[in-house]
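# Per-entry structural report
In case you want the letters, here they are:
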There are 2 protein chains.
Amino acid sequence: MERSLENVFNPRSVAVIGASEVPGKASERRTRSLLEGGYTGEVYLINPKRSELFGRKAYPSITEVDKEVDLVMIVVAPRFLTAAVADSVKMGAKGIIIITAGLGESGEEGKKIEAEILDEAAKTGAYVIGPNCSGMFSASAEMNLLGVPQIERGPISVLAQSGNVIDSLTHYARMRGVGFSKIISVGNAVGVNFHEYIDYLKDDPNTKVIMTYLEGIKDGNNLVRVARDTAKKKPVVALKVGRSSAGARAAASHTGSLAGDEVIVDAAFRQAGIVRVSNADELFDMAAAFANCPLPKGKRVAILSEGGGDNSIAADNAEKYGMDVPVLSTETQERMKPFLLEGMPASNPIDYGGTAEENPHMITECVKVCMEDDQIDGILITGFFGGFKDIIASHVAELEEKASEDMVEMVKQYRKSLFVHTSFAREPIKSLDILKTAGVPVIESSERAAQCLSALMHFSINQKKISQMRIPAAEAKERAQVKELFKKVGEENRSNLLETESREVLKEYGISLSEAILAGTPEGAVEAANKMRYPLAMKVVSPDIIHKSDAGGTKLGLKDGKDVEKAFKEIVKNAAKVTTRKGVLGTLISPMAGPGQECIIGMIRDPQFGPVIMFGLGGIFVEVLKDVSFRVAPLAQEDIDEMVEEIKGYKILTGIRGEKPKDIDALKDILAKLSEIAIDNPEIKEIDLNPVIVHEKGASIVDSRMILG
Amino acid sequence: MERSLENVFNPRSVAVIGASEVPGKASERRTRSLLEGGYTGEVYLINPKRSELFGRKAYPSITEVDKEVDLVMIVVAPRFLTAAVADSVKMGAKGIIIITAGLGESGEEGKKIEAEILDEAAKTGAYVIGPNCSGMFSASAEMNLLGVPQIERGPISVLAQSGNVIDSLTHYARMRGVGFSKIISVGNAVGVNFHEYIDYLKDDPNTKVIMTYLEGIKDGNNLVRVARDTAKKKPVVALKVGRSSAGARAAASHTGSLAGDEVIVDAAFRQAGIVRVSNADELFDMAAAFANCPLPKGKRVAILSEGGGDNSIAADNAEKYGMDVPVLSTETQERMKPFLLEGMPASNPIDYGGTAEENPHMITECVKVCMEDDQIDGILITGFFGGFKDIIASHVAELEEKASEDMVEMVKQYRKSLFVHTSFAREPIKSLDILKTAGVPVIESSERAAQCLSALMHFSINQKKISQMRIPAAEAKERAQVKELFKKVGEENRSNLLETESREVLKEYGISLSEAILAGTPEGAVEAANKMRYPLAMKVVSPDIIHKSDAGGTKLGLKDGKDVEKAFKEIVKNAAKVTTRKGVLGTLISPMAGPGQECIIGMIRDPQFGPVIMFGLGGIFVEVLKDVSFRVAPLAQEDIDEMVEEIKGYKILTGIRGEKPKDIDALKDILAKLSEIAIDNPEIKEIDLNPVIVHEKGASIVDSRMILG
């Protein structure tokens, strides 16, 4: 059998090491849910103290089982864990689910045991799920190892780091009649990582939506890669908590200090096409919408209601979530008017004007007109549908049911998303049940309805974009000259590259730099200067000085040889105070950059996502407004376009107050090459190109810093 | 009887003009809800075509009634309306509710009828409610004129511009067991305006919360004044629609009102202490929370749960809505630890660690510890409370009920807000019903729970601030010299003040201006210049030139008399091309402003809110970032402080990159005086002080413009 999570989700046999009959115990609940859940493969219960459990034979050890065992669930104390895993591996286990807690999350001792487990599992390549997890559910195998009763079946698969969030979700599902294909509690995720599950679920025909709950992210770089690939087929909807646990990162570079954890998570998720939500109920509504609705082609919504108030609220919500509410075409308006009260405008939002409560058929007709308009991508009904019978008269119930049936048919026929917001959504009303059963979202909150429909629309637009992207390879390609340089720096026990060195790296990757000459003496400086066009800039070059300006190591606007000589002497004198004269290699002389807009471009190696590229404008834009954008490398061209365009100050680059536009392509070129440098050279921990002056033509990297680590 | 809305809400008698028995008709539904709603005063039904209605005598005309009638509801066609109002006034009506639609919102003809109605009502001072409204409900009078069955009684009063939003709210109330004191559908609000209702409800002992739904705002200046006054006693919670252009479209087609600039609405509401929400369900949850909960003293929340996942989500939500989640004091932690699973940290959020599901008593104990900690202002329980019985065992139900009872007692004893988020909130569970009945919010959405608790906390903080504010009078005080100036400008058929004139106005209000001399000839210019310190600036003065720079009418940095002479000639030559030589009065010469930060200060007369003062930084902050703040005049000192501090670029004023702080007080002084100018001089339509350069000491108004209108 090939190594695949398939063997974990659809095992031929399951053993429970540490099976128990004591009511309420973690092990008892899970053993019972397995036995009562309909699993048809072999089940082996292991407990050295019992010969019988749940009326079945109990084995003293898994090694006593006379057949291979595909999947093992272990619920034993930490000190017995390594042996249990070793035995499972011996018995041919393809997957080992470890419920046991008190491991890596508790301290060093636990981490040691985790390492032992992984060593054992590595012998055969068995998957380790957990430890400290709450189990797994697989509908295709009728296998419930979660100890939760009544799991509804459906097209949603769940990955979660918290057991009680899984409880929430199964509860919401029961209440709303939506269900699950697979549920995995990943626990400490020492073996199988998040993105591996996603990679499997991507191709799982029973999974239409992947729902995740995350507390921390491991190997975010692969998560972005896999999620982006998955987005071409199906959505990943993620609830990531921890926005508030401000993780102050110790970083030497400017880029590092601007990169808050959550800012990068947001950027990475957007880049990966992951739909991010912030609450469990939102997660559920969102996943249900994705599971049930056709994906809209664009973001143009038609809003319909029997009341202007609800229409206004819905239109505000539509705008808040980035949908368009276009005025309907004249043709569509003409087609719709016969169904509206005379004089009501059919522009959009559409107000039936008091006819629909008595004749819900009018709604169907209006919906049909919108379904047939190819300038509308989705339809949102808002107001009281389902409750007209209460407001008008009981005979209306039947008319509402007919309208529901017709609308269900239309969704099938036209494959266009229809959402129904109604304040009666949570009441047991037949017309609404007809919609719900057919997968038409019926949502009590107008805002949530807009939020979900908008997410579908934006996912669809993003999916198109991602499908067309050419994403550069994430594999490092070595460049001998650069590696040689790093070797030398390493041998000198330095982690900071000299500016002359970082310039070498940039040049090697084809980034154009203005002329610069290193001078070791005042005379050399003047000689070098005279080869260039004044005015000039001069900077100290010393392995001991990182913050050149602070050390008095920078002089600008040098106008002639006299200036240059004086500047050299002063810089060296200042620098020698910080280090020694020997520690000063000399000064770097280069022409002053021409006029333009100050920018900052950088790279940090994020503990969660690996190489992350940053872009922003300089000055108050970084100092005061933190107006910067991030993307995880490798960057596709679309990533680069977005990160330049999404900053608030973007307009400054395109030209304001009559100024000519700046050379945005030159900036994009630097970003692309920086991504390449980051991928090829994992030795580099941080890069600051600051400032980069972008001109009407070209861009000048005025200062560059690289830190190895 | 004194003129008071009291007579409208508690009338001794009610007449219905246009009463009907035809099922489903607007008039029939309202007549029926009045007759069946328990109203004990006299009711007169008027219909010239019927002698009997609902088994009662019907009068052909209200003038046939032999007693005075306090309140009249009119449901007749527009063409009969003026006569019906005139008759009502004759019969002594104190209030006239007009359901009839098709008036001001439909066009000129309707507006004419509205004017006639107001003329009639003005004869006795009768209140006109509506037209185009859906009626009124008053619990104290047991009077239901809304035609909606089953209105729950309670402490919330509603003002709404949309009939179907009222339907929503009464439906939500039924579902959640909260109720109303008064409900007013204001319709076109041609007679009684929004703020008059609020002013009445402010002192109404039966109203604890005022809930409003607004589409457009009329007389926003009074709304701000009254709402701010009301905030000292009780909250106004407002759903204002029309943020989006499509929303504005929907609102415009519904009432006749003009949806205004949402940035100003946001600022005005914040200033007025109005709690703004964006959806009907949010409006309801918010009002219910305000109606039932003690107001917290500050914004420090303790979060408790049986699970880490729910705690993380709640902590994120708390931060999102601006609450603090402080680490509990050592003492409190020590007191709490006995109730937590060993090893669980009691820092905050607090995770009971799996003990509470079986022993809900632990929750009560933890809540008690938080209730007794005066460093905690509110408590949020999150997770599964009420559902432990399902997860653990049925006997837990009783324990949960006991916990609920104890918590209800604690809320009463300690007067501290307790919110319960549970995914079981909407299920019929006794332990939750105990909480709900006692007014403890039990909310299904974790986010909504945080949002409501936070709103309580921030309202409370704001209430303290507002109560201490000294708000300047909104009455205009005339200044003879300024009025004289305006008179002169008016006589010259100008609306733009010359800069020399706007400087006069500013000076009259004590705003300090740098020296400036108007020169009519080149010689005069040089003479004036020589009295000042170079470098100088020169600007054209002409009633025909508004945009001085565009007309080549500005010269900066003049270094000597030669410069001045040349500049004068050029300016006059350029200006004469736009107007004539006679149209150029001369040039204004003043010293160049010293270094500092460019700002913009302005005033506009907003169609909704009247005089609105604006503040922002200059350059890209206005051009690109629209980083400006607004407040409705008159400004209190606290308003001024906030409007300066809330702009994103505020840090620039306090000093960044080693720069010294700027003279913020000088800016605030200008703002205060501009507010005074705006209040005293309704003739002024717009003021631009742009740029204002704020220095380390003082501020220079480099250019000023005033437009009358």
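Predicted, not measured: the structure shown is a model, and the values here were computed from it.

Attention now moves to the relation of the copies chain B and chain A. With an RMSD of 0.2 Å, the fit of chain B onto chain A corresponds to turning through 180 degrees and sliding 0.1 Å along the axis. Look at the turn and shift together and you get a two-fold axis relating the two. Distance from the rotation axis, computed per C-alpha, reaches its smallest value in chain B at Arg426 of chain B: 4.5 Å. Interface overlap between copies: 88% of the residues of chain B at the interface are likewise at the interface in chain A, consistent with a symmetric, same-surface contact.

Residues and elements named next belong to chain B. Ordered by their spatial adjacency, 5 strands build an open sheet running S16-S15-S17-S18-S19, and the pairing between neighbours is parallel. Among the strands making up the open sheet, the edge pair consists of strand S16 (350-351) and strand S19 (442-443). On top of the sheet, helix H11 (residues 308-320) reaches strand S15 (301-305), S16, strand S17 (378-383) and strand S18 (417-422); it is set at about 160 degrees to S15, its chief contact.

Here the focus is the sheet that holds strand S8 (residues 136-138) of chain B. Residues and elements named next belong to chain B. Read across the open sheet, the 7 strands follow the order S9-S8-S11-S10-S12-S13-S14; overall the sheet is mixed. Either end of the sheet is taken by a strand with one partner, and the two such strands are strand S9 (143-144) and strand S14 (275-277). Sheet topology note: the S8/strand S11 (residues 180-185) ladder contains 3 bridges and is antiparallel. Each residue of the ladder has a partner; that of Phe137, found in S11, is Ile183.

This brings us to the packing of helix H3 (residues 78-90) of chain B against helix H4 (residues 108-122) of chain B. Residue and element names in this part refer to chain B. Orientation of H3 relative to H4, taken along the N-to-C sense of each, is 5 degrees, at an axis distance of 9 Å. Taken together, H3 and H4 sit at an angle that is classed as roughly parallel. Of H4, the residues touching H3 (which contributes Pro78, Leu81, Thr82, Val85, Ala86 and Val89) are Ile113, Glu116, Ile117, Glu120 and Ala121. Its residues placed into classes, the contact of H3 with H4 shows 8 nonpolar, 1 polar and 2 charged.

In this section: the interface of chain B and chain A. On the side of chain A, 67 residues touch chain B, which itself brings 65 residues to the contact. Linking chain B with chain A are 10 residue pairs in polar contact (both at pLDDT 80 or more). Looking at the side of chain B that touches chain A, the elements with two or more residues in it are helix H5 (163-176), strand S13 (236-240), helix H8 (245-252), helix H10 (280-292), H11, helix H17 (446-468), helix H22 (620-623) and helix H24 (650-654) of chain B. With 10 residues, the top contributor of residues to the side of chain B that touches chain A is H11 of chain B.

What follows deals with the confidence of the model for chain A. Detailed conclusions should not be drawn from predicted coordinates in areas where pLDDT is low. Across chain A, pLDDT averages 91, with 97% of residues at or above 70. Complex prediction metrics read pTM 0.90 and ipTM 0.87.

All right, on to the pattern of salt bridges then. Think of it this way: side chains of opposite charge can pair up when their charged atoms draw near. All names here are of chain A. Per the counting criterion, the structure on display carries 101 salt bridges over all chains. Here Glu262 makes a salt bridge to Arg276, at a shortest N to O gap of 2.6 Å. One end of the pair, Glu262, is in helix H9 (residues 261-272); the other, Arg276, is in strand S14 (residues 275-277), with 14 residues separating them in the sequence. Each member of the pair, Glu262 as well as Arg276, carries the same accessibility label: buried. A cluster of three or more residues bridged by salt bridges with shared partners is formed by Arg270, Lys465, Arg631, Glu642 and Glu646.

Moving on, we come to the packing of aromatic side chains. Using the criterion set out here, one finds 12 aromatic pairs over all chains in the structure. A centroid spacing of 4.9 Å and a plane angle of 15 degrees characterise the contact between Phe9 of chain A and Tyr200 of chain A, whose relative ring orientation is stacked. In this pair, Phe9 of chain A is assigned in helix H1 (residues 6-9) and Tyr200 of chain A in helix H6 (residues 194-202), connecting sequence segments 191 residues apart. Of note, Arg3 of chain A hangs over the ring of Tyr127 of chain A, and the distance from its end group to the ring centre comes to 3.9 Å. It is Arg276 of chain B that lies over the ring of Phe269 of chain B; its NZ or CZ is 5.6 Å from the centre.

Moving on to the pairing of strand S1 (residues 13-17) of chain B. All names here are of chain B. Of all 5 residues in S1, 5 are buried; the element is thus mostly enclosed. Because side chains alternate across S1, one face comprises the buried residues Ser13, Ala15 and Ile17, and the other comprises Val14 and Val16, equally buried. Pairing of S1 with strand S2 (residues 42-46) involves 5 bridges; the strand directions are parallel. Considered in S2, the bridge of Val16 is made with Leu45. Once you follow S1 into helix H2 (residues 26-36) and on to S2, the crossover reads as right-handed. Bridge count between S1 and strand S5 (residues 71-74): 4 bridges; the pairing is parallel. From the neighbouring strand, Val16 faces S5, where its bridge partner is Met73.

Along the chain, Asn348 of chain A connects to Pro349 of chain A via a cis peptide bond; the corresponding omega equals 0 degrees. Tracing the sequence through the fold places Pro349 of chain A in the loop between helix H12 (330-336) and strand S16 (350-351). Cis geometry marks the peptide bond from Asn690 of chain A to Pro691 of chain A, where omega comes out at 0 degrees. Positionally, Pro691 of chain A belongs in strand S27 (residues 684-694). One non-glycine residue, Asn348 of chain A, adopts positive backbone phi at about 125 degrees. Counting through the fold element by element, Asn348 of chain A comes out in the loop between H12 and S16. Look at Phe54 of chain B: it is not a glycine, yet its phi comes out positive at around 50 degrees. Inspection of the secondary structure puts Phe54 of chain B in the loop between strand S3 (52-53) and strand S4 (56-59). Looking at Phe54 of chain B, the relative accessible area reads 26%, which means it is partly exposed.

Quick notes on the rules
Residues numbered from 1 in each chain as written. Chains lettered and ligands numbered in written order. Predicted model: local features only at pLDDT ≥ 70, side-chain atom pairs only at ≥ 80, totals over all residues. Heavy atoms only, no water. Least-squares fit on C-alpha atoms with pLDDT ≥ 70 in both. Contact = heavy atoms within 4.5 Å. Pairing = 2+ DSSP bridges. Helix = DSSP H or I, 4+ residues; strand = E, 2+ residues; numbered from the N terminus. Axes fitted to C-alpha atoms, helices over the stretch in contact; angles between N-to-C directions. Parallel < 35°, antiparallel > 145°, perpendicular 65-115°, else oblique. Nonpolar A, V, L, I, M, F, W, Y, C, P; charged D, E, K, R; others polar. Polar contact = N/O pair within 3.5 Å; in protein donor to acceptor, adjacent residues only side chain to side chain. pLDDT = per-residue confidence, 0-100. Salt bridge = Lys/Arg side-chain N within 4 Å of Asp/Glu carboxyl O. Buried < 20%, exposed > 50% of the residue type's maximum accessible area, 1.4 Å probe, protein only. Phe/Tyr/Trp six-rings, centres within 6.5 Å; stacked < 30°, edge-to-face > 60°. Lys NZ or Arg CZ within 6 Å of the ring centre and 35° of its normal. Right-handed = clockwise from strand over helix to strand, strands pointing away.

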